[in-house]
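# Per-entry structural report
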Amino acid sequence: MLLTLVILPTSVTGSGVALPHIGRDTGAPLDTLQWVVHAYNLTFACAMLACGSLADLLGRRRLFAAGAVVFTLASLASAVAPGVLLLDVLRAVAGIGAAALLTSGSSILATAFEGAARTRVFAAVGIATGGGLALGATIAGTLADTVGWRWFFAAHGVLMVVVLCAVPVMPQSRRADASGLDLPGTGAFVTGLFLLMLGMVEGPQWGWGSPRVLGLLAGAVLLAVVFVRVERRSRHPMLDLGLLRNRRFLALCLIPVAVSCSFVILLPLLPNYLTVADGMTSRAAGGVLLLMTAPVLFAPPLAGRLITWGLSQRAVFSLSLACLTLGVAWLAVVLRPGAGPAALAAPLLVLGVGLGLNFGLVDGAVLTVVAPESTGTAAGLLNTLRLGSEAVAIAAAGSALTGLTRLRLEDGLPRFSAYREGSAALANSVNAGDLSGPASAVPAAVRPGFTAFAAHGFTTAWQLVLGVAAVLCALLWLVIHRMLAPSTADATAPGRSVAEPSVVEPSVVEPSSGELSAPESCAPVVSAPASFALESSEPELSNPQLPARKSSEREPSVGELFNGPRDSRLSADLGGADAGDRTESRPAG
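Residues numbered from 1 in each chain as written. Predicted model: local features only at pLDDT ≥ 70, side-chain atom pairs only at ≥ 80, totals over all residues. Heavy atoms only, no water.

## Let's talk about the side chain of Asp 88
Mapped onto the elements, Asp 88 comes out in helix 4 (residues 84-112). Buried within the structure, Asp 88 lacks any salt-bridge partner; its nearest side chain of opposite charge belongs to Arg 91, at an N-O separation of 7.6 Å. Those residues in contact with Asp 88 that sit more than four places away from it in its chain are Thr 32, Trp 35, Val 36 and Ala 39. (Helix = DSSP H or I, 4+ residues; strand = E, 2+ residues; numbered from the N terminus. Buried < 20%, exposed > 50% of the residue type's maximum accessible area, 1.4 Å probe, protein only. Lys, Arg positive; Asp, Glu negative; His and termini not counted. Salt bridge = Lys/Arg side-chain N within 4 Å of Asp/Glu carboxyl O. Contact = heavy atoms within 4.5 Å.)

Written as structure tokens, this is what we have:
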């Protein structure tokens with residue numbers, strides 16, 4: 001099981017590092033090449049909730065085995081795919097398998113262990129997934145440079161065969177009262193998100209005003225409306241959108257969006273810049289990314305210490321968002337051709353610390369701002385928004401880089417008359433991590449000037465994208481900080497002390513489904529405190545150890561296993577949420 005949770009994060013972070021090699025070997029255009037990353041992210045984000053329902057219906061071990069088979073076959077087939085189109089399809093299939101593995105695997109662990117043993121197991125889970133996140137880019141770069149990019153996918157398939165051998169000894173469990181799948185809602189959500197991502201990826205290629213792009217974006221908007229209407233009328237909705245009326249829950253859901261706009265977009269895209277502008281190998285580019293991902297393993301304990309020293313949870317969230325904003329803005333300033341790892345180290349480390357500070361805290365805080373019976377639904381909505389924002393942010397950033405690079409290259413490219421492909425083709429090449437191909441088309445005498453020109457235009461595009469990302473993060477920081485502010489009802493709630501915040505020692509917290517389902521969620525879970533105050537004027541946030549489930553009680557759902565039983569003792573308010581913040585919920589399908 002732990003091997004699975006090492007493999008899957010490397011698949012997320014390593015694919016971007018391998019893209020330049022895939023592009024050179026297959027000769028794929030940029031828009032098709034990008035779907036090696038986008039297809040996996042899309043299906044991974046969209047299949048999580050459906051797989052959670054299937055785990056309850058069919059049995060968790062059975063779904064885990066199915067997910068392992070799908071992921072193994074898709075990975076092995078990716079290693080021998082003759083073209084990038086088939087590779088894109090196989091990556092989408094692998095994303096579905098990954099979603100099944102994570103939802104069912106984590107719930108198997110949650111039901112197989114209890115008490116202190118389960119705490120230790122989930123601590124190991126967090127360390128495994130965090131290690132996979134941190135080392136994925138380096139491993140992918142090393143394999144791509146030495147034996148070829150195909151071995152990156154082949155290694156996943158071979159290792160998953162080992163996992164399959166352990167399936168027969170895993171415990172079987174299922175939920176007797178599980179509800180069915182919300183097929184209309186799932187279909188509208190998946191199709192709408194696909195149309196949105198396709199429109200953004202193809203916008204720079206087809207033209208933002210072209211009928212095809214406008215039709216894709218209009219279709220995405222239409223399906224979003226359909227999805228909302230379907231979910232409101234469904235007895236067992238895929239997502240309970242009514243939770244978004246809860247001010248503090250919405251604020252917590254926006255934190256992963258800020259992470260997507262700063263940290264996540266760099267994982268698949270920055271290696272291409274380092275390859276083009278700095279002339280790095282894929283292995284070296286992966287090593288640079290390690291500066292950003294390694295702090296994810298070590299920053300969560302710092303968050304726990306800050307809270308035990310009396311800092312409020314709201315302040316820790318603000319500090320995290322401040323680091324993300326500062327890191328991406330700092331990177332925009334220092335990023336330049338030939339800058340090298342030393343110049344990039346500080347902003348990348350700050351970004352990693354910013355992400356690490358909110359690991360575990362967001363998922364734990366979500367459980368305290370909704371009614372106890374809504375915790376599973378709330379976790380599902382949080383994870384869907386988290387993964388969906390990642391997929392959309394990566395697609396949007398890649399599209400913006402392509403368009404801005406083309407605009408920056410248009411004016412100066414006529415100076416290099418030997419290059420006849422045009423600014424669009426050159427922009428596509430550099431964004432795919434390949435400058436050697438275009439440079440070979442110009443005479444050797446002007447080649448240094450041509451490569452410097454292309455790298456400078458690419459850098460300018462990156463600086464603009466990072467600047468916009470910093471502004472978005474700053475705005476989200478301010479909005480989230482304000483939305484998490486204690487209300488008047490908090491200060492006047494009977495029996496609550498506004499002068500002395502309650503702080504407890506940190507303890508190990510089990511990860512929710514979201515903590516095992518996305519790059520920014522693969523944190524070690526050994527540092528998130530179980531109870532802390534959002535603000536000094538707010539009441540204590542509690543997440544007490546819950547008693548073992550009796551045999552006569554109903555089987556909990558996957559969402560409940562990840563986030564704790566819907567126990568009446570679980571605090572339903574974050575800082576004493578007032579009545580207006582409480583939201584009733586229907587059971588998720």
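## Let's talk about a positive patch on the surface
A grouping of Arg 229, Arg 232, Arg 233 and Arg 245 is seen on the molecular surface, where their side chains present a positively charged patch. With respect to the helices and strands, Arg 232 occurs in helix 8 (residues 211-233). (Patch = residues over 30% accessible without salt bridge, like charges linked within 9 Å, V, L, I, M, F, W, Y side chains within 5 Å. Areas by Shrake-Rupley, 256 points an atom, 1.4 Å probe, with all protein chains shown as cover. Charge placed at Lys NZ, Arg CZ, Asp CG, Glu CD.)

## Re the pattern of salt bridges
Under the definition given, this model contains one salt bridge. Between Glu 410 and Arg 406 there is a salt bridge whose closest N-O contact spans 2.8 Å. Of the two residues, Glu 410 and Arg 406 both sit in helix 16 (residues 375-410), four residues apart, roughly one turn of that helix. A relative accessible area of 36% places Glu 410 in the partly exposed class.

## Topic: the confidence of the model for the protein
Confidence in the prediction for the protein averages 79 pLDDT; 79% of positions are at 70 or higher. No element of the protein has a lower mean pLDDT than strand 1 (residues 532-533), which averages 34, and none a higher one than helix 19 (residues 447-483), which averages 96. A low-confidence stretch, residues 491-573 stays under pLDDT 50, and its non-local contacts, those more than four residues away or across chains, total 239 contacts. Taken as a whole, residues 576-589 scores under 50 in pLDDT and shows 51 contacts with residues more than four places along the chain or in a different chain. (pLDDT = per-residue confidence, 0-100.)

## Here's the deal with empty space enclosed by the protein
Here the structure, examined in full by the defined rule, presents six cavities of 30 Å³ or more. Approximately 130 Å³ is the volume attributed to the largest cavity. Considering the residues around the largest cavity, the lining is formed by 16 residues, among which Leu 19, Gln 34, Leu 269, Asn 272 and Asn 431 are closest to the centre. Residue assignment for the lining of the largest cavity shows that the elements contributing at least two residues are helix 2 (30-58), helix 10 (266-277), helix 16 and helix 19. Broken down by element, the lining of the largest cavity gets its largest block of residues, five residues, from helix 2. (1 Å grid on protein atoms, 1.4 Å probe; cavity = no way out; pocket = protein on both sides within 12 Å on 5 of 7 lines; lining within 4 Å. Points joined across faces, edges and corners; volume = space filled by probe spheres on them.)

## Considerations on helix 10
For an α-helix, 3.6 residues make a turn, and residues three or four places apart therefore share a direction. The buried count for helix 10 comes to 12 of 12 residues, which makes it a mostly enclosed element. Listed as buried for helix 10 are Leu 266, Leu 267, Pro 268, Leu 269, Leu 270, Pro 271, Asn 272, Tyr 273, Leu 274, Thr 275, Val 276 and Ala 277. Just downstream of helix 10 lies Gly 279, where phi reads positive at about 65 degrees.

## Structural notes on the packing of aromatic side chains
Per the counting criterion, the structure on display carries 10 aromatic pairs. Each ring, one from Trp 35 and one from Phe 194, has its centre 5.8 Å from the other, and the planes form 50 degrees; the classification is tilted. Remark: Phe 194 occurs in helix 7 (residues 183-206) and Trp 35 occurs in helix 2; sequence separation between them is 159 residues. For Phe 194, a relative accessible area of 33% gives the class partly exposed. Site record: aromatic cluster; members linked through ring pairs are Phe 416, Tyr 419, Phe 450 and Phe 453. Its guanidinium or amino end placed over the ring of Trp 206, Arg 212 lies 4.1 Å from that ring's centre, counting from NZ or CZ. (Phe/Tyr/Trp six-rings, centres within 6.5 Å; stacked < 30°, edge-to-face > 60°. Lys NZ or Arg CZ within 6 Å of the ring centre and 35° of its normal.)

## Considerations on the layout of surface pockets
Considering only enclosed or pocket space, the second largest pocket measures out at about 520 Å³ in volume. Around the second largest pocket, the lining comprises 24 residues; the ones closest to its centre are Phe 189, Leu 193, Leu 196, Ala 224 and Leu 385. Listed by contribution, the elements that provide at least two residues to the lining of the second largest pocket are helix 7, helix 8, helix 9 (247-264) and helix 16.

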